[in-house]
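Residue strings, one per chain:
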Amino acid sequence: MSRNELILADLIALRAEQQPDLDVLTFVRVARDGRLADEVRTYGDLWRHGNRIAAALASRDCVDGASFAIMMRNHPAFVEAMVGASITGAVFVPIDPRAADDRLAFMLRLTACQGVVVGDYALDALLAVRERLPALKWIWVLQTGEPRALPSGVEPLAEVMASSRPDIACRVSDPDQVQQLLFTSGTTGDPKAIVSPFRRMGDAGRMAGVFGLGPQDRPYTGLSLTHANAQMITVAGALHGGLRAVVSDRFTKSRLLDIARAYGCTVFTVLGGMTTALYAEPRRPDDADTTLRLVISAGMPAAIWRQFEQRFGVQIYEFYGAAEGGLCVNPPEMGPVGSVGRAPPGMVLAILDEQGRECAAGEAGEICFRGADAGPMRVDYLNNDEASRDKVAGGWLHMGDIGHVDENGWLFFHYRKGGAIRRNGEFIDPARVETVLAEHPQIADVFVYGVAAASGAPGEKDVVAAVVPVDDQAFDPASVLDWCGANLETNSLPVALQVVAQITKTASEKPQERFLAVDLAAGSGRIVWTRDIPQTRAAS
C-alpha cells in the first residue's frame with residue numbers, strides 16, 4: 001500500500017513500521033511539588049492510540065469532513081486526536097482551553113463541531129455553553145485532576161479509548177483534503193477559521209532543514225498546539241524528521257531553561273512578547289549553561305537581540321510568517337539585527353502602499369507575498385467569503401502588517417496594521433519601551449499598547465504599560481517611573497502603569513490588548529497615572 005507523507009495518518013503509519021520505538025514526542029509538565037513529570041510517545045504509541053480514537057470517531061460517524069474540537073493543553077491526547085482525525089477524514093478544530101462564554105460558543109457554532117475532546121479543567125466552560133450548540137452530540141473528557149461525577153453525555157476519554165473496536169484503514173488519500181479549521185488569534189474581534197488542508201502541515205514538517213535543524217537536534221516548545229507555530233514548526237518537524245521533540249503542557253518562562261537542561265534540548269521557539277517575558281526573568285549565573293544552541297524567534301526586539309544571545313548562549317534564527325502563508329527567514333549572522341528576514345526561493349515579498357503600488361526601499365507599507373510563479377494566492381476562511389477575497393486582493397497575500405525592506409531586501413516589521421502608537425507625530429516602538437520595563441527587577445511581565453491621546457489629536461495615542469509585578473505587595477511604581485525617565489525618551493514615557501495580576505494572552509502568547517483597554521477605560525483595577533490627565537479614557 002502506497003502512502004503519502006503529506007497526510008498525517010500515512011506519515012505516522014509509515015514511521016510506526018520503520019521506527020516503532022523512537023521516542024519522537026515527550027510531553028512535560030511541572031508538578032505541584034516543582035518536579036518535572038513527563039509522558040513519552042513513540043511512533044508506535046501514536047499509531048496505536050490514534051487508531052483507538054479513530055475507531056471511536058468512526059463509531060460516532062465523525063468521518064469524511066465531519067468536525068470535532070480539541071480543547072486542551074499540550075497533552076499526548078492532543079496529537080493522538082489529530083492522528084485519529086487524519087485516519088477517519090474528520091476535521092479537527094483546535095480551541096484554546098481558556099476560551100469561554102460567547103467566544104467559545106461562537107467558535108464551536110461556526111465550525112459545526114459534533115463533539116469535543118476536552119481537558120477536565122476546561123469542561124465547566126464547555127458545559128456552560130452546551131445548550132447553545134445544537135450540533136454538539138458528544139463530549140470526551142481527558143481527566144488530569146481528581147475524578148469527578150460527569151453529567152449525561154460526557155464520557156472519560158480513557159474509557160472511550162479502552163473500548164474494544166477493530167482498527168480502521170485510513171480514509172484520506174488526497175493531501176488537499178481539509179485537515180483542520182485553525183482559528184486566527186482574534187485579538188481585535190471574533191477570530192476567523194482558516195480552512196487548512198493536510199498539505200499545509202505536511203509541507204511545514206519538511207521545513208526543519210530550512211531552520212538549520214538536523215538529526216542531532218532536540219526541539220522544545222511551550223506554545224499551545226492550538227496555534228500554528230507549535231503544530232507546524234515543532235511537532236510537524238519532529239514527526240517528519242524524528243527529532244524527538246519536547247513539548248510542555250504550557251509556556252513557562254521560569255522553568256524553560258530547567259526543561260531544556262533536563263531533556264537535552266538544543267532549540268526552542270518563542271513569539272513576540274515571550275522574548276521580553278524571558279528576558280525579564282531574574283538573571284542566574286547558569287543562564288547559558290544548557291545544551292541550547294538556537295532560538296527560532298518571531299518578533300525578537302532589536303534592542304535585546306544581542307543581549308539575549310549572550311545571556312542564554314544561543315543564536316537567534318528570526319522568521320516571519322502566518323498560518324495563512326507567507327514567509328521570511330533571517331538565519332544567524334545572515335541578515336541585519338532586527339530584520340525578520342527575506343523571502344525564500346519560490347516566494348516574492350513586496351511592500352505595498354494603500355493604492356497597491358510597491359514602496360521603495362525604506363518606505364513603510366503593508367507586507368504582502370505571492371508565489372514566484374505569479375499564480376493566484378488563495379486563503380479560505382470558513383463561511384467568510386469577503387474576508388477570504390480581501391486577504392488575497394490583487395493576487396497578493398495581504399499580511400495586515402506594516403513594515404519596510406532595506407536596499408538589500410531585508411524585511412523590518414513595524415506594527416500590526418491599525419495598531420501603531422503615534423505621539424506628537426512620532427511613531428513609538430512598543431518593543432523598546434517593553435525592553436526597558438522588562439529590565440526593572442520588580443517587573444515579571446509587561447505589555448505596552450496605545451490609547452486615544454488625551455490631547456484629542458486625530459490618529460495620536462498615549463503609551464500605556466500593563467505590568468505584572470514580581471511581588472505585588474512590594475511593588476514600587478515610583479521606582480519604575482524613575483527607571484523609565486532615566487532610560488526612555490520623553491515621547492515614549494507611559495502615561496499610565498496598569499498593574500495587573502496577569503496579562504491575558506491568546507494561544508499564540510499574544511497579549512489581549514482589547515481587554516486591557518476596556519479595563520483602563522473603566523478605571524478598574526490598579527492604575528497609576530503618570531501625568532495630569534483624566535483617569536477615564538476612551539479605549540482605541
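Here is what the cut-offs are and how they apply
Residues numbered from 1 in each chain as written. Predicted model: local features only at pLDDT ≥ 70, side-chain atom pairs only at ≥ 80, totals over all residues. Heavy atoms only, no water. Helix = DSSP H or I, 4+ residues; strand = E, 2+ residues; numbered from the N terminus. Rg over C-alpha atoms; globule rule 2.2 N^0.38 Å. Buried < 20%, exposed > 50% of the residue type's maximum accessible area, 1.4 Å probe, protein only. Contact = heavy atoms within 4.5 Å. Areas by Shrake-Rupley, 256 points an atom, 1.4 Å probe, with all protein chains shown as cover. Lys, Arg positive; Asp, Glu negative; His and termini not counted. Charge placed at Lys NZ, Arg CZ, Asp CG, Glu CD. Core = buried A, V, L, I, M, F, W, Y, C linked by side-chain atoms within 4.5 Å. Pairing = 2+ DSSP bridges. Salt bridge = Lys/Arg side-chain N within 4 Å of Asp/Glu carboxyl O. Phe/Tyr/Trp six-rings, centres within 6.5 Å; stacked < 30°, edge-to-face > 60°. Lys NZ or Arg CZ within 6 Å of the ring centre and 35° of its normal. Arc of directions from axis to C-beta. Axes fitted to C-alpha atoms, helices over the stretch in contact; angles between N-to-C directions. 1 Å grid on protein atoms, 1.4 Å probe; cavity = no way out; pocket = protein on both sides within 12 Å on 5 of 7 lines; lining within 4 Å. Points joined across faces, edges and corners; volume = space filled by probe spheres on them. Nonpolar A, V, L, I, M, F, W, Y, C, P; charged D, E, K, R; others polar. pLDDT = per-residue confidence, 0-100. Parallel < 35°, antiparallel > 145°, perpendicular 65-115°, else oblique. Left-handed = near helix turned anticlockwise from the far one by under 90°.

Draft legend 1. Seen up close, the overall build of the protein chain. Counting secondary structure elements, the protein chain contains 15 helices and 25 strands. For the protein chain, whose C-alpha radius of gyration is 23 Å, the value lies close to the compact-globule estimate of 24 Å for 540 residues. Here the protein chain holds 540 residues, and 55% of them are scored as buried. Sequence separation of at least 24 residues holds for 65% of the intrachain contacts in the protein chain that already meet a minimum separation of 6. For the protein chain, the computed accessible surface area is about 22,700 Å², with 49% contributed by carbon and sulfur atoms. Charged side chains of the protein chain number 52 positive and 66 negative; the gap between the two group centres comes to 3 Å.

Draft legend 2. View of the nonpolar core. Grouped together as the largest cluster of nonpolar side chains are 93 residues, with contacts concentrated most on Leu25, Phe68, Leu239, Phe268 and Phe308. Apart from residues no more than four positions distant in its own chain, Leu25 is found in contact with Glu39, Val40, Arg41, Leu46, Val79, Ala238, Leu239 and Ala245. Core analysis: the second largest hydrophobic core is formed by 26 residues, Val93, Ala99, Leu133 and Leu136 among them.

Draft legend 3. Representation of the pairing of strand S22 (residues 443-452) within the structure. Among the ten residues that make up S22, nine are buried, leaving the element largely enclosed by the rest of the structure. In terms of strand pairing, S22 meets strand S23 (residues 461-469) through nine bridges, oriented antiparallel. Paired with Val448 across the two strands is Ala465, which belongs to S23.

Draft legend 4. Layout of the pattern of salt bridges. Counting across every chain of the model gives 31 salt bridges. For Arg244, the salt bridge is made with Asp23, and the minimal N-O distance between the two is 2.9 Å. Residue Arg244 is found in the loop between helix H8 (228-241) and strand S11 (245-248), and its partner Asp23 is found in the loop between helix H1 (8-18) and strand S1 (25-30); the two are separated by 221 residues along the sequence. For Arg244, a relative accessible area of 30% puts it in the partly exposed group. Here Asp462 ties to Arg423 by a salt bridge, and the two come within 3.0 Å at their closest N and O atoms. Of this pair, Asp462 sits in strand S23 while Arg423 sits in strand S20 (residues 421-423), and the two are 39 residues apart along the sequence. Overall, the relative accessible area of 6% leaves Asp462 in the buried class. Members of the salt-bridge network, linked through shared partners, are Arg255, Asp258, Arg261, Arg284 and Asp286.

Draft legend 5. Looking closely at the packing of aromatic side chains. Taken as a whole and judged by the stated rule, the model has eight aromatic pairs. Consider the rings of Phe308 and Phe312, whose centres lie 4.7 Å apart with planes at 55°: the pair is tilted. A residue pair is termed a helical-turn pair when its members lie 3 or 4 positions apart in one helix, as Phe308 and Phe312 do in helix H11 (residues 305-312) at four residues. Grouping aromatic residues by their ring pairs yields a cluster made of Phe68, Trp138 and Trp140. Directly above the ring of Tyr121 sits Arg73, whose terminal nitrogen or CZ lies 3.9 Å from the centroid. Sitting over the ring of Tyr381, Lys192 keeps its end group 5.2 Å from the ring centre.

Draft legend 6. A look at helix H15 (residues 513-522). Restricting attention to buried positions, one finds in H15 the residues Leu516, Ala517 and Leu520. Taken end-on, H15 shows its buried residues confined to a sector of 100°, consistent with a single buried face. In H15, the exposed residues that point more than 90 degrees away from the buried face are Val518 and Ala522. The inward-facing, buried residues of H15 contact S22, S23, strand S24 (496-499) and strand S25 (526-529).

Draft legend 7. Molecular detail of the sheet that holds strand S13 (residues 294-298). Ordered by their spatial adjacency, eight strands build an open sheet running S2-S1-S11-S10-S12-S13-S14-S15, and the pairing between neighbours is mixed. Looking at which strands have only one partner, the edges of the open sheet turn out to be strand S2 (36-41) and strand S15 (325-330). Taken over all neighbouring pairs, the strand axes of this sheet differ in orientation by 25° on average, direction set aside. As judged from the two bridges shared by strand S10 (residues 219-221) and S11, these two strands associate in the parallel manner. Along S11, the bridge assignment pairs Tyr220 with Val246. Contacts between helix H9 (residues 256-263) and the sheet are confined to S1, S2, S10, S11 and strand S12 (267-271), with S2 contributing the most and set at about 50° to the helix. In the packing of H11 onto the sheet, the strands contacted are S12, S13, strand S14 (315-322) and S15, and the crossing angle to S14 comes to about 125°.

Draft legend 8. Representation of the layout of surface pockets. Size it by volume and the second largest pocket reaches roughly 670 Å³. Listing elements by their share of the lining of the second largest pocket, those giving two or more residues are S1, S2, helix H3 (76-88), strand S6 (138-142) and helix H6 (157-162). Split into classes, the residues belonging to the lining of the second largest pocket amount to 14 nonpolar, five polar and nine charged.

Draft legend 9. View of helix H10 (residues 273-280). Across the eight residues that make up H10, a large majority, seven, are buried. Met274, Thr275, Thr276, Ala277, Leu278, Tyr279 and Ala280 are the residues of H10 that are buried.

Draft legend 10. Up close: the confidence of the model for the protein chain. Here the protein chain shows a mean pLDDT of 92. Residues at 70 or above account for 97%. Overall, residues 532-540 carries pLDDT values under 50, and its contacts beyond four positions in sequence, including any with other chains, amount to 23 contacts.

Draft legend 11. Geometry of the packing of H10 against H11. One can describe the packing of H10 onto H11 by two numbers: an axis separation of 11 Å at closest approach and a directional angle of 55°. Accordingly, the angle class assigned to the pair H10 and H11 is oblique. Considering only the axes of H10 and H11, their crossing is left-handed. Contacts between H10 and H11 involve Thr275, Leu278 and Tyr279 on the former and, on the latter, Gln307, Phe308, Arg311 and Phe312.

Draft legend 12. Spatial organisation of unusual backbone geometry. For Asp61, which is not glycine, the phi dihedral falls at a positive 60°. Tracing the chain through its elements places Asp61 in the loop between helix H2 (43-59) and strand S3 (67-71). Positive phi is not limited to glycine here, since Asp64 has a value of about 50°. The topology assignment puts Asp64 in the loop between H2 and S3.

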